[in-house]
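# Observations on chain architecture
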Amino acid sequence: MNIAPKLLLGQPGDEDGPVFDKAWQAQAFATTVMLHNRGVFTWTEWTAALSREIKSAQASGDPDIGDSYYDHWLNALERILVDKRITKPGQVSDLTDAWQEAALNTPHGQPIELVRPT
Amino acid sequence: MDDDHDHGSELSPMEAKVRALETILTEKGYFDRKALDEIVETYETKIGPRNGAKVVALAWSDEAYRERLLTDASEAIAELGFTGRQGEHMVAVENTEQVHNLVVCTLCSCYPLPTLGLPPVWYKSAPYRSRAVMDPRGVLGDFGLKLPDNIEIRVWDSTAEMRYLVIPRRPAGTDGWDAERLAELVTRDSMIGTGLAKTPAQLGTPS
């Protein structure tokens, strides 16, 4: 197996190193660092959660060539927040659906807002 | 609402999930927009492989610093103000005439953030993570690096507790250069081990 194309393509043209592809990736990364700084979890717990997530994604067929890294990252963050009882299982996916629904109901170009039922 | 798609906005599943987490964390009092923006800005602009390059260049030009770096890399790197918020232990591994070092994280993608910033896409890829251990010479070949057969390749597998920084060999023709000038020769890949430092003739070319 020759991995050269995968290694060298997809690599940002980066004298200065990689930055985030998308804003949500930056937020997922920074949220994790922020929660770690606040003592919500240790970095060892975090890397364990991330490797678990990557392994399970590979097991379900993700070729895992690096472009799905932040998907794994965000899923791991969801999992660790459930483990730490900051959120309940299912709550994140319900809210994710609610945000997507809110987006569909928001005219293009206007800020998307989520109105929570009280 | 009508079914005219042009009138709605769209969030990808991952964009929506980030917002969902933000909603939850805000309600629980864990979310701090200002702290978050500072972290992003720091990683986008201040922390990057230039930090590691300064460490390597100083080791090249200051023998006492080189010894401190090889003895206790965490301490020596902290001297320059680059400290890990993850608290991991840093180890510097030096390339020599006989040995070339290569860093990988087979488990996930542990990476020395304070010295190198965020990892490149290929570092996080499964092919790199698995092949760096099984076939390091082949991987180096993919990066265009052909090493003589008599050079031993040592592969270092990072963990959550232990991160590695490769000290590449100082290029010839740089006698008398100061650390600032030397730092320009140190590429990110040379500190992971998938490349060599630039020669003076290569300065100004992409790494």
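Here's what I pulled together on the structure shown here.

About the criteria used
Residues numbered from 1 in each chain as written. Chains lettered and ligands numbered in written order. Predicted model: local features only at pLDDT ≥ 70, side-chain atom pairs only at ≥ 80, totals over all residues. Heavy atoms only, no water. Helix = DSSP H or I, 4+ residues; strand = E, 2+ residues; numbered from the N terminus. Buried < 20%, exposed > 50% of the residue type's maximum accessible area, 1.4 Å probe, protein only. Contact = heavy atoms within 4.5 Å. Areas by Shrake-Rupley, 256 points an atom, 1.4 Å probe, with all protein chains shown as cover. Phe/Tyr/Trp six-rings, centres within 6.5 Å; stacked < 30°, edge-to-face > 60°. Lys NZ or Arg CZ within 6 Å of the ring centre and 35° of its normal. Salt bridge = Lys/Arg side-chain N within 4 Å of Asp/Glu carboxyl O.

Summing up its helical and strand segments, chain B has ten helices and four strands in all. When the helices and strands of chain B are placed in sequence order, the string is α-α-α-α-α-β-β-α-α-α-β-β-α-α. A burial count over chain B gives 51% of its 207 residues as buried. Of the contacts formed within chain B by residues at least 6 apart in sequence, a portion of 66% connects residues at least 24 apart. Accessible surface for chain B amounts to roughly 9,600 Å². Of this, 50% is attributable to carbon and sulfur atoms.

Another point: the packing of aromatic side chains. Scanning the model with the defined rule gives twelve aromatic pairs over all chains in all. Both rings, one in Tyr69 of chain A and one in Tyr70 of chain A, keep their centres 5.3 Å apart while their planes meet at 80 degrees; by these two values the pair is edge-to-face. The class of Tyr69 of chain A is buried, set by a relative accessible area of 4%. One aromatic cluster is present, built from ring pairs that chain together Phe29, Phe41, Trp43, Trp46, Tyr69, Tyr70 and Trp73 of chain A. It is Arg181 of chain B that lies over the ring of Trp177 of chain B; its NZ or CZ is 3.9 Å from the centre.

With that settled, consider the pattern of salt bridges. All names here are of chain B. Tallied over the full model, the rule gives 14 salt bridges over all chains. Residues Arg33 and Glu22 are paired through a salt bridge, measuring 3.1 Å at the closest nitrogen-oxygen approach. Linking Arg33 in helix 2 (residues 33–46) with Glu22 in helix 1 (residues 13–27), this pair joins segments that are eleven residues apart in sequence. Classification of Arg33 as partly exposed rests on a relative accessible area of 37%. Classification of Glu22 as partly exposed rests on a relative accessible area of 23%. With a closest N to O distance of 3.0 Å, Arg154 and Glu152 form a salt bridge. For Arg154, a relative accessible area of 37% corresponds to the partly exposed category. When salt bridges that share partners are traced, they join Glu22, Arg33 and Asp37 into one network.

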